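A closer look at the structure
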Amino acid sequence: MINTVVKSTTLVINCTTGSAVSLVINFGQQYGEDFGKISVVRKVPVMRDGDFILTESVAILKYLAEKFGTSDSDHWYPADLQNRARVNEYLSWQHAAMRAHGSKVFWFRAIVPIITGSDVPKEKMDSAMEDLTLSLKVFEEKFLDDRPFIIGEKISLADLVAIVEIMQPVGTGLDLFENRPTLGAWRDRVKMELGEALFDEAHKTIMDVASLPQTFENNGMLEFLKPKIQKMFN
């Protein structure tokens, strides 16, 4: 079992083995000189395990599951060929679907108004919501169907990745679980498996959208993002 605890700007992975891996997630600071020495990609998160550095969140999750996995925690990234294929299937699909659409809605509802001082045009917002709604429908009907979790009876990395993407728009005040009993029941099972305290702590920042303006002001992200967002909507 891998437990994640966010402290300041560093995500520390505590494992039952007693080992630890640190994930550098200095939001807004990845464009600085120091971060460039760690990763020329300049994206977060970045994992550093001794001298080994790895980028891309999905690759990092697979690495952690395989490095620290035991027979008791095999369900995170199963050795069984077909169950592992189901995990990989979701992780391959989600980049251009759940992740892309959930993130866009989050940005449109939470970030863009902070940068521009006005709401996203209604037609753009409606289009983003349509895309997210379609992704949620596919997720429920294909990836969950009538199963407790994506691969069946056990939680996996696919469920972890799915819940964090869904919680992004939820953090802006959207109740995506309303009138979606299958999705809501799955969310409750994921929360129970992870533990309510850990689940809430992991989503604490994303659920506190009201603090984003001050956070952006403190880390200099407002000035960095402003020209990019303005270019997007001009």
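Only a predicted model underlies this, so the values are computations on that prediction, with no experimental measurement involved. Throughout this document, residue positions are counted from 1 along each chain, in the order its sequence is written. The predicted nature of this model means local features are confined to residues of pLDDT at least 70 and side-chain atom pairs, given and counted, to a pLDDT of 80 or more, with totals for whole chains, interfaces and linings taken over all residues. Based on all heavy atoms of the structure, the side-chain values leave hydrogens and waters out of the count.

1. A few points about the overall build of the protein chain
To keep it simple, the criterion reads: Each helix corresponds to a stretch of at least 4 residues labelled H or I by DSSP, and each strand to a stretch of at least 2 residues labelled E; elements are numbered beginning at the N terminus. Relative accessibility thresholds used throughout: buried, under 20% of the residue-type maximum; exposed, over 50%; partly exposed, between the two (1.4 Å probe, protein chains only). Contacts are assigned to residue pairs that have any heavy atoms within 4.5 Å of one another. Here the open area of atoms and residues is found with the Shrake-Rupley method and a 1.4 Å probe, where only the protein chains shown may cover a residue.
Secondary structure assignment for the protein chain yields 10 helices and five strands. Of all 234 residues assigned to the protein chain, the portion counted as buried reaches 40%. By sequence separation, contacts in the protein chain at least 24 residues apart represent 58% of the contacts at least 6 residues apart. Surface exposure of the protein chain reaches about 12900 Å², of which carbon and sulfur atoms provide 51%.

2. Quick word on the pairing of strand S5 (residues 52–55)
On any regular strand, side chains alternate: one points to one face of the sheet, the next to the other face. Selection rule: Note: two strands are recorded as paired if DSSP finds a minimum of 2 bridges between them.
Alignment of strand S4 (residues 46–49) against S5, held across four bridges, turns out to be antiparallel. In the strand pairing of S5, arginine 48 is matched with isoleucine 53. Here S4 hands over to S5 after two residues, with glycine 50 in that stretch at a positive phi of 70 degrees.

3. Considering the side chain of glutamate 140
What counts, and what does not: Asp and Glu count as negative and Lys and Arg as positive, but His and the ends of the chain are not part of the count. One speaks of a salt bridge when a side-chain nitrogen belonging to Lys or Arg is within 4 Å of a carboxyl oxygen belonging to Asp or Glu.
Mapping glutamate 140 onto the fold places it in helix H5 (residues 122–144). Despite being buried, glutamate 140 has no salt bridge partner; arginine 180 is the closest side chain of opposite charge, sitting 4.2 Å away. Look past the residues within four positions of glutamate 140 in its chain and what remains in contact with it is Asp145, Arg180, Thr182 and Leu183.

4. Digging into unusual backbone geometry
Phi is positive for glutamate 56, close to 80 degrees, though the residue is something other than glycine. Mapped onto the fold, glutamate 56 is located in the loop between S5 and helix H2 (57–68). A residue is classified by how much of its surface remains accessible, and glutamate 56, at 38% relative accessible area, is partly exposed. The backbone phi angle of aspartate 145 is positive, close to 55 degrees, even though this residue is not glycine. For aspartate 145, a relative accessible area of 44% translates into the label partly exposed.

5. A short note on the packing of helix H4 (residues 98–116) against H5
This is how it is decided: Each axis is a line fitted through C-alpha atoms, and for a helix only the stretch in contact is used; angles between axes span 0 to 180 degrees, taken between their N-to-C directions. The crossing is said to be left-handed when, going from far helix to near helix, the turn is anticlockwise and less than a right angle, and right-handed when the turn is clockwise. Three classes are used: nonpolar for Ala, Val, Leu, Ile, Met, Phe, Trp, Tyr, Cys and Pro, charged for Asp, Glu, Lys and Arg, and polar for all others, with Gly counted as polar.
Running from amino to carboxyl end, H4 crosses H5 at an angle of 145 degrees, the nearest separation of the two axes being 9 Å. Two packed elements cross with a definite hand, and for H4 against H5 that hand is left-handed. Only Lys124, Met125, Ala128, Met129, Asp131, Leu132, Ser135, Leu136 and Phe139 of H5 make contact with H4, whose side of the interface consists of Met98, His101, Gly102, Lys104, Val105, Phe108 and Arg109. Residue composition of the contact of H4 with H5, grouped by class: nine nonpolar, three polar and four charged.

6. A word on the side chain of serine 156
Within the secondary structure layout, serine 156 lies in the loop between H5 and helix H6 (157–170). Judged by its relative accessible area of 0%, serine 156 falls in the buried class. Not counting residues up to four positions away in its chain, the partners in contact with serine 156 are His75, Trp76, Val87 and Ile151.

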